[in-house]
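# Residue-level structure breakdown
So the chains spell out like this:
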Amino acid sequence: ILCQSIIWASEGRVEDVSKRDMYSRHYRLADGSWQAVIHCGPRHYMDESGAWLPIDLGVHSLGGGAFGNDTNPMKSRFDTGSVLVYTRLNEGMRWIPLGLFAVDDKGNRTRIGGSPAAPEAGVESVKYAGFWGQGEQTSYRIREGEIKESIVLPRAPQLEKGMVPEYFDFVTEM
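Below is a short write-up of the structure. (Residues numbered from 1 in each chain as written. Predicted model: local features only at pLDDT ≥ 70, side-chain atom pairs only at ≥ 80, totals over all residues. Heavy atoms only, no water.)

### With respect to the overall build of the chain
Of the regular secondary structure elements, the chain holds zero helices and 16 strands. Looking at the chain as a whole, 33% of its 174 residues are labelled buried. Here the analysis covers contacts within the chain between residues at least 6 apart in sequence; of these, 40% occur between residues at least 24 apart. (Helix = DSSP H or I, 4+ residues; strand = E, 2+ residues; numbered from the N terminus. Buried < 20%, exposed > 50% of the residue type's maximum accessible area, 1.4 Å probe, protein only. Contact = heavy atoms within 4.5 Å.)

Here you go:
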């Protein structure tokens, strides 16, 4: 299996789209032979009709202040205060962030913010500014077959006097 980009002349090469799958394309070459280009990661998603189409990483408005992507094996919807992700089998998973907690070495938990925020769409990502009420940024980047979540705190959270966090606990409702 080739896991690198392949460069070839496109002249005399025609793709047989009926042979497509999530990871490959098949071409009939000018001399009548076949060439299969197989990728390590997904390159296509299956639409409602069963056709394999090229993945588009773009985030689009879904109306009502929501954004998402349905042209990927992992479909997504980002609303105010919640995130909905579908796998390629259309099994939905919604998670609603309930809180971010600092936990000290004795197990004492201190809540850090937790108010719903409205999503802001980028080209291939969605950001929630201040999702946890501490000026941080939570972002979701759309990739081929996956969604990457990042939480960036610009400064140490405001905690109770004397509390030294051992770790942070991210609590959601699924």
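### A few points about the pairing of strand β3 (residues 34-38)
The pairing of strand β2 (residues 24-28) with β3 spans five bridges and is antiparallel. The partner of Y27 across the bridge, within β3, is Q35. What sits between the antiparallel neighbours β2 and β3 is a turn of five residues, in which G32 has the positive phi angle 95°. (Pairing = 2+ DSSP bridges.)

### What about the sheet that holds β2?
Strand-to-strand pairing in sheets goes through backbone hydrogen bonds, with the strands running parallel or antiparallel. With antiparallel pairing, the three strands of this open sheet are ordered in space as β1-β2-β3. For this open sheet the edge positions go to β1 (14-15) and β3, each flanked by a neighbour on one side alone.

### Describing a nonpolar patch on the surface
Taken together, the side chains of I151, L153 and F168 define a hydrophobic patch exposed on the protein surface, amounting to about 220 Å² of accessible area. Tracing the chain through its elements places I151 in strand β15 (residues 146-152). (Patch = residues over 30% accessible without salt bridge, like charges linked within 9 Å, V, L, I, M, F, W, Y side chains within 5 Å. Areas by Shrake-Rupley, 256 points an atom, 1.4 Å probe, with all protein chains shown as cover. Salt bridge = Lys/Arg side-chain N within 4 Å of Asp/Glu carboxyl O.)

### Observations concerning the packing of aromatic side chains
Across all of its chains, the model carries two aromatic pairs by this definition. Judged by centre distance (5.4 Å) and plane angle (40°), the rings of F78 and Y140 are tilted. Of this pair, F78 sits in strand β8 (residues 75-79) while Y140 sits in strand β14 (residues 137-143), placing them 62 residues apart in sequence. Exposure class is identical for F78 and Y140. Each is buried. Relative to Y140, the ring of Y128 lies with its centre 6.1 Å away and its plane at 85°, an arrangement referred to as edge-to-face. (Phe/Tyr/Trp six-rings, centres within 6.5 Å; stacked < 30°, edge-to-face > 60°.)

### Describing the sheet that holds β15
What the four strands build is an open sheet, ordered β12-β13-β14-β15; its pairing is antiparallel. For this open sheet the edge positions go to β12 (120-121) and β15, each flanked by a neighbour on one side alone. The pairing of β14 with β15 spans seven bridges and is classified as antiparallel. The partner of I142 across the bridge, within β15, is I147.

### Concerning the pattern of salt bridges
Scanning the model with the defined rule gives five salt bridges in all. For E15, the salt bridge is made with R20, and the minimal N-O distance between the two is 2.6 Å. Through salt bridges with shared partners, one network takes in E124, R141, R143 and E144.

### Considering the nonpolar core
Membership of the largest hydrophobic core comes to 13 residues, with the highest contact counts inside it found for V59, F78, V83, V126, Y128, Y140 and I142. For this core, the secondary-structure elements that each account for two or more residues are β13 (125-129) and β14. Once you skip the residues sitting within four places of it in the chain, F78 turns out to touch G65, A66, F67, G68, V83, P119, V126, Y128, Y140 and I142. (Core = buried A, V, L, I, M, F, W, Y, C linked by side-chain atoms within 4.5 Å.)

### Side note on the environment of V59
If you trace the backbone, V59 turns up in the loop between β5 (52-54) and β6 (60-63). A relative accessible area of 12% means that V59 is categorised as buried. In this structure, V59 is in contact with F67, G68, A121, G122, V123, E124, S125, V126 and I142, ignoring residues within four places of it in sequence.

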